Structure formats: C-alpha cells, structure tokens
Amino acid sequence: LGESLGNLFQQVGDPAETRRLRLLLLENGALGACLTGSGAAVYGLFRDQGSASRCRDRVRRQVARAFVASPVSRGVQPE
C-alpha cells in the first residue's frame, strides 16, 4: 500500500520541498509518503504507532510541525 501512494499535485507548487519532506519521512521509517489532497501537508504511512512516533520525534528536529494521526472508522474517537 505504501508504494502505491500518489498525488499529481506533488508536481505543482514547490516540488523540491515536497520531495524533501517525503524523503525525510521515508528515511525515518515510513512505508510510503505523499502530499495530501491539494497540498496542505505531507504524510507518511507506518506499520504501527511506535514507528510513527519515532519518526515524528526525529522529523521535529528538522521541521516546524509533525504529528501522529490515526484513522477512525466513524466520527471522532474519544481520547
């Protein structure tokens, strides 16, 4: 699944910065990385929560903001 991620908007705007962020995620354990929708963020797909958290901690040293998010089946999950 990680290798099949893609978004045509990655070629528009600032492709060098998008590529840099995607490579940063991949180098830190992401199975795949891609630009979201029309380019509000770059995200990575991880095998588990621990891998995602380790990547977030490393990436925060180089970018202003990095978060771990989890999918929900429906609605908002309580914390």
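Cut-offs and rules
- Residues numbered from 1 in each chain as written.
- Predicted model: local features only at pLDDT ≥ 70, side-chain atom pairs only at ≥ 80, totals over all residues.
- Heavy atoms only, no water.
- Helix = DSSP H or I, 4+ residues; strand = E, 2+ residues; numbered from the N terminus.
- Contact = heavy atoms within 4.5 Å.
- Buried < 20%, exposed > 50% of the residue type's maximum accessible area, 1.4 Å probe, protein only.
- Polar contact = N/O pair within 3.5 Å; in protein donor to acceptor, adjacent residues only side chain to side chain.
- Core = buried A, V, L, I, M, F, W, Y, C linked by side-chain atoms within 4.5 Å.

Caption draft 1: View of the environment of Leu-21. Assignment of secondary structure puts Leu-21 in helix α1 (residues 15-27). Separated by 38 residues in the primary sequence, Leu-21 and Val-59 place their C-alpha atoms 9.1 Å from one another. The contacts of Leu-21, once residues within four sequence positions are left out, are Val-42 and Val-63.

Caption draft 2: Structural context of the side chain of Ser-51. Examined against the element boundaries, Ser-51 turns out to sit in helix α2 (residues 49-59). A relative accessible area of 17% means that Ser-51 is categorised as buried. Among the polar contacts made by the side chain of Ser-51, one reaches the side chain of Arg-54 at a distance of 3.4 Å.

Caption draft 3: Examining the nonpolar core more closely. Residues Leu-24, Leu-25, Ala-30, Ala-33, Phe-46, Ala-52, Cys-55, Val-59, Val-63 and Ala-66 constitute the largest nonpolar core, which totals 10 residues. Examining the composition of this core, we find that 3 residues originate from one element, α2, more than from any other. Setting aside anything within four residues of it in sequence, one finds Ala-66 in contact with Arg-56, Val-59 and Arg-60.

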